[in-house]
2 protein chains.
Amino acid sequence: MAVDTGAFLARLGMLTTSDHTSVVSMNLFVALLCACIVIGHLLEESRWMNESITALAIGLCTGIVILLASGGKSSHLLVFSEDLFFIYLLPPIIFNAGFQVKKKHFFRNFMTIMLFGAIGTLISFAIISLGAIHFFQKMNIGSLKIGDILAIGAIFSATDSVCTLQVLNQDETPLLYSLVFGEGVVNDATSIVLFNAIQSFDLSHFDSSIALQFIGNFMYLFITSTILGVFAGLLSAYMIKKLYFGRHSTDREVALMMLMAYLSYMLAELFYLSGILTVFFCGIVMSHYTWHNVTESSRVTTKHAFATLSFVSEIFIFLYVGMDALDIDKWRVIRDSPGKSVGVSSILLGLILVGRAAFVFPLSFLSNLTKNSPYEKVSLKQQVTIWWAGLMRGAVSMALAYNQFTRSGHTQLHLNAIMITSTITVVLFSTVVFGLMTKPLVRILLPQSKQTASMISSEPSSPKSSTVPLLSNRHDCETGKGSQHHVPRPTSLRMLLGIPSRSVHHYWRKFDDAFMRPVFGGRGFVPFVPGSPIEPDVVQWH
Amino acid sequence: MAVDTGAFLARLGMLTTSDHTSVVSMNLFVALLCACIVIGHLLEESRWMNESITALAIGLCTGIVILLASGGKSSHLLVFSEDLFFIYLLPPIIFNAGFQVKKKHFFRNFMTIMLFGAIGTLISFAIISLGAIHFFQKMNIGSLKIGDILAIGAIFSATDSVCTLQVLNQDETPLLYSLVFGEGVVNDATSIVLFNAIQSFDLSHFDSSIALQFIGNFMYLFITSTILGVFAGLLSAYMIKKLYFGRHSTDREVALMMLMAYLSYMLAELFYLSGILTVFFCGIVMSHYTWHNVTESSRVTTKHAFATLSFVSEIFIFLYVGMDALDIDKWRVIRDSPGKSVGVSSILLGLILVGRAAFVFPLSFLSNLTKNSPYEKVSLKQQVTIWWAGLMRGAVSMALAYNQFTRSGHTQLHLNAIMITSTITVVLFSTVVFGLMTKPLVRILLPQSKQTASMISSEPSSPKSSTVPLLSNRHDCETGKGSQHHVPRPTSLRMLLGIPSRSVHHYWRKFDDAFMRPVFGGRGFVPFVPGSPIEPDVVQWH
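Residues numbered from 1 in each chain as written. Chains lettered and ligands numbered in written order. Predicted model: local features only at pLDDT ≥ 70, side-chain atom pairs only at ≥ 80, totals over all residues. Heavy atoms only, no water.

Caption draft 1: Spatial organisation of the overall build of chain A. A count of helical and extended segments in chain A gives 25 helices and zero strands. Summarising the internal contacts of chain A: among those between residues at least 6 apart in sequence, 83% fall at separations of at least 24. In the form shown here, chain A has an accessible surface area of approximately 20900 Å², with 70% of it arising from carbon and sulfur atoms. (Helix = DSSP H or I, 4+ residues; strand = E, 2+ residues; numbered from the N terminus. Contact = heavy atoms within 4.5 Å. Areas by Shrake-Rupley, 256 points an atom, 1.4 Å probe, with all protein chains shown as cover.)

Caption draft 2: Broad picture of the environment of Lys371(A). Residue placement: Lys371(A) occurs in the loop between helix H15 (338-369) and helix H16 (380-389). Apart from the residues within four sequence positions on either side, Lys371(A) is in contact with Arg108(A), Asn109(A), Thr112(A), Glu376(A) and Lys377(A).

Caption draft 3: Molecular detail of helix H11 (residues 250-270) of chain B. Residue and element names in this part refer to chain B. In this model H11 runs 30 Å from its N-terminal to its C-terminal C-alpha over 21 residues, within 8% of the 30 Å that 1.5 Å per residue would give. When you tally the buried positions in H11, you get 19 out of 21 residues, the bulk of the element. In the stretch just after H11, Tyr272 is the one whose phi turns positive, near 60°. (Expected span 1.5 Å × (residues − 1). Buried < 20%, exposed > 50% of the residue type's maximum accessible area, 1.4 Å probe, protein only.)

Caption draft 4: Region of the structure containing the side chain of Ser264(B). Here Ser264(B) shows up in helix H11. Beyond its immediate stretch of four places on either side in the chain, Ser264(B) contacts Leu228(B), Ala232(B), Thr278(B), Val279(B) and Cys282(B).

Caption draft 5: Looking closely at the pattern of salt bridges. Residue and element names in this part refer to chain B. Across all of its chains, the model carries three salt bridges over all chains by this definition. Put simply, Arg356 and Glu183 hold a salt bridge, and the shortest N to O gap is 2.7 Å. You can see Arg356 sitting in helix H15 (residues 338-369) and its partner Glu183 sitting in helix H9 (residues 174-200), a full 173 residues away along the chain. Arg356 gets classed as buried once you look at its relative accessible area, which sits at 3%. (Salt bridge = Lys/Arg side-chain N within 4 Å of Asp/Glu carboxyl O.)

Caption draft 6: Representation of a nonpolar patch on the surface in the model. All names here are of chain A. Among the surface-exposed residues, Ile215, Met219, Ile223 and Ile227 lie close enough to one another that they form a single nonpolar patch of about 390 Å² accessible area. Residue placement: Ile223 occurs in helix H10 (residues 208-243). Assessed through its relative accessible area of 45%, Ile223 is described here as partly exposed. (Patch = residues over 30% accessible without salt bridge, like charges linked within 9 Å, V, L, I, M, F, W, Y side chains within 5 Å.)

Caption draft 7: Seen up close, unusual backbone geometry. We note that Tyr272(A) has phi near 60°; this positive angle belongs to a residue other than glycine. Positionally, Tyr272(A) belongs in the loop between helix H11 (250-270) and helix H12 (275-293).

Caption draft 8: Spatial organisation of the environment of Leu413(A). All names here are of chain A. Following the sequence through the fold, Leu413 ends up in the loop between helix H17 (395-405) and helix H18 (414-445). A relative accessible area of 47% places Leu413 in the partly exposed class. In this structure, the C-alpha to C-alpha distance between Leu413 and Val333, residues 80 residues apart in sequence, is 7.9 Å.

Caption draft 9: View of the confidence of the model for chain A. Residues and elements named next belong to chain A. When pLDDT is averaged along chain A, the result is 74; 74% of the residues meet or exceed 70. Within the model, the stretch residues 1-18 combines pLDDT values under 50 with 38 contacts to residues more than four positions away or in other chains. With pLDDT under 50 throughout, residues 524-542 is counted as low confidence; its partners more than four residues away or in other chains account for 27 contacts. If you check the scores for this complex, the pTM reads 0.78 and the ipTM reads 0.77. (pLDDT = per-residue confidence, 0-100.)

Caption draft 10: Representation of the side chain of Thr290(B). Residue and element names in this part refer to chain B. As for its placement among the helices and strands, Thr290 is situated in helix H12 (residues 275-293). Exposure remark for Thr290: the relative accessible area of 0% places this residue in the buried category. Once residues within four sequence positions are removed from consideration, Thr290 is found in contact with Gly233, Ser236, Ala237, Ile240, Met257 and Val285.

Caption draft 11: Main features of the packing of H11(A) against H12(A). All names here are of chain A. Where H11 meets H12, the closest approach of the two axes is 8 Å, and the angle between their N-to-C directions is 150°. With respect to each other, H11 and H12 are oriented roughly antiparallel. Two packed elements cross with a definite hand, and for H11 against H12 that hand is right-handed. When H11 is examined against H12, the residues Met257, Met260, Ala261, Ser264, Tyr265, Ala268 and Glu269 are found in contact with a partner set consisting of Gly275, Ile276, Thr278, Val279, Cys282, Met286, Thr290 and Trp291. Of the residues contributing to the contact of H11 with H12, the split by class is 10 nonpolar, four polar and one charged. (Axes fitted to C-alpha atoms, helices over the stretch in contact; angles between N-to-C directions. Parallel < 35°, antiparallel > 145°, perpendicular 65-115°, else oblique. Left-handed = near helix turned anticlockwise from the far one by under 90°. Nonpolar A, V, L, I, M, F, W, Y, C, P; charged D, E, K, R; others polar.)

Caption draft 12: Local environment of the packing of aromatic side chains. Residue and element names in this part refer to chain A. Under the criterion given, the structure shown has 30 aromatic pairs over all chains. With centroids separated by 5.6 Å and ring planes inclined at 35°, the aromatic side chains of Phe316 and Tyr320 adopt a geometry described as tilted. Here Phe316 and its partner Tyr320 are both found in helix H13 (residues 296-324), four residues apart, which amounts to about one turn of the helix. Given a relative accessible area of 15%, Phe316 falls into the buried group. (Phe/Tyr/Trp six-rings, centres within 6.5 Å; stacked < 30°, edge-to-face > 60°.)

Caption draft 13: Local environment of the packing of H10(A) against H11(A). Residue and element names in this part refer to chain A. The contact between H10 and H11 brings their axes to 10 Å, and the two run at 160°. On the basis of their axis angle, the class for H10 and H11 is roughly antiparallel. Between H10 and H11 the crossing geometry is right-handed. Judged by residue contacts, Leu228, Ala232, Leu235, Ser236, Met239 and Ile240 of H10 engage Glu253, Leu256, Met257, Met260, Ser264, Leu267 and Ala268 from H11. The residue makeup of the contact of H10 with H11, split by class, is 10 nonpolar, two polar and one charged.

In structure tokens, the structure reads:
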């Protein structure tokens, strides 16, 4: 009977999945995700570690084990798929970013963020591309086409600020947090748009009309993507407000918010827009209007469910990258020239350091010129932190590199193999080495956060948990009373010239109260939250 | 520039998905899901409709539109995939079922549920198989092998009680709800195990030793699956209790609960067990222990996030089935013999009606013999409701039918095409016609729920929302005080013979309090919920 049972059991797998290996892989992957969460939690008090590095390390270790177990055949459980990344993992992360961001700080520093995210990324792109032309020609690694060179520039301009955001605290250093965070989102969008533009334009005869066209396209994408995101967010707010879901079903509200957010991302993809920007602005609008139209339990649920999805996606990505890094096929091709790969990686790392420095310090200087209050200026120490915060390269770089260098002949071509392995090296090195140094660096540079850092150590708290509770009362500081707290009563002219963004913010609030909130709901129209710390402020504002 | 921009935009799609058509499909599908939620909400007051039928109807309409738009080529956006169903959609539904079930009623009626779910399904399977042999031989539809006939029995024994559960109320008719619900879960597991057994056993020479082996396998699968689920649930409770996640991060807790539940399902699949049973018991254990070890916001989040996932999965399945039903390829093959398909469908529907009646009434009679209190007996009206509740056939039947009849030659073989189209007809007819009649029938048969039904109409409330809030205080009735409320103080002998399940329940509670809760946490060990309605009961119990 034993044998028969075995055969019987072996057949049972057929129904659920045609491939038993994929079940094994999924099991291992889910188990590793659990392990990352538990180990990440246990290591939280550590001075150096964070969840990204833990996941990357576990991924690498698992990769080694699989490599040994399979006799050197393969190291990964799942093949790195761009679709998986761009369609399932990235949207929850970016949406949650928009949903949880402190909107006041984001919009106050909107111009600086755009300067860093768009212009800065372009500067970084230019420097990395020029550097690549200069150095790689000398190295005799094969003939890189102009398209490849520019693609390298775009690939290595895409920062990954997840590590830094896990260390920075939204409460203690709101300016810095909003700058690093905002830049990260705009940077992702910029480098992806840039990368696509490079792939699509005929670069053999580049002139000024193409450059203009390029800029026009960029502006078009940026504006339409934003409008689509805002529209989706407002639609969800209006629907939930009008249908009075709030009185009935938490599940429906949560489902609708989740589906609408995802729909906005997919619609952007459908119209060839930037899904990242769309879903980010959808998140902002949803947290400003929709979130206030739903029941109390829907608020708690969405707040934490979105954060959890984002958290799991992040860990998933780092685990994936760590595991994929050891894939033996790619390394086999460059076996004969390990020096070249190391050389290319070092050059790229150097270019990243220089390229980022080349825009952070000048643009900070420019930004400081427009600010009056010393409180709003970016100090040198803060500039160094911003510079450091964007040195890590992550999953976006990986995905773009795979897209560019695996299309023709996979990684069998020598040059492509070198570029892929160099990208992996840069991602691993920057995430692990730069990432490990971020916590100590932030403590040295920003002494005011040192106290809290030690406080965090004594009473261990997740960086997630410390940002999440802010959602419920972050609107306090958005009310008029809060925003006029440390304004030195500027004259009207100075107000318009010196600090235009604050003035815009002021008029926006008036418009919001007068026209938007009556239609789309929001804080002022939530009578069923008595005892909320928000309400008295609203009364004072009117 | 206009043309160039178009070309540029066309290229942009490349990065995110290789196939633009799939983006269109996903957009349409997500938009339809949103539409189902909104329309389902609007139609809730209706006497006839429910969410399943709404989704099915919208799916059918969309299918027709796509069919017309594509010029009769295809009707579906996504191909019906068993993997999608069994790996992504079914686990959240079953897990949530276990997580939200009223455990007291489930375990009190455990024997009756097992009787209905296991023995009843086997009776239904036997009758449908015998009926199929008898009728189909006369119809000259081709030579069905013994394996096909038995597979038909298993396919049409799998009930789909989602519709009924949307109508029944866990508070008003707890006995009925727990019977229908519990039977549904055990039935799913039984028919899938049965189906797999049929596919794997050599049925050409069937004798008593194979029958014994079959029963042995079934018991083995049932017990090991349950143990695995309980183990996964206890492990999660222990981990969260020991690591004190509760004090720190809601996101980590929620992520860990979600991942552990999914891991239990995948582990069961890995070991060729029944994932459905595993994840169901994992849900029960998690709601009994783990849920009490986490923070207040984690509780709210998990409660609603799991319910939302289950809700979306259900709608997804019905939408999918509705859309897939019109796939023209399948119908084209049977174009020349529409009468046969109608005949086969009618015979199958008849067999389902008879097969279910053949076990519900006798087994209810048997079950009533063991009960003393008239309150616990299943009245004839309730028996009719139970009979009706299991007449619908749904996604499990579809998935099994696709597995059996599309392996060899897809639907090109005449016989296979007839079986597939008949399955679709049975699923659509039973869900729509029987489903539409459920609400009125329940109102006629169970007059006590009539009042509430009209109350629901005047103040529209989701069936989901009415079950969900129970989770937070369902433990009131689980405490000793509640469970001894209407027990007629039986003598010790009568207690052991007459109502063994209650006695087991009593000893289980003692064991739980003495050994399980100190290790795995649970209600008694959550000091940070002051003012909870549960606490006084706990004090009384000790």
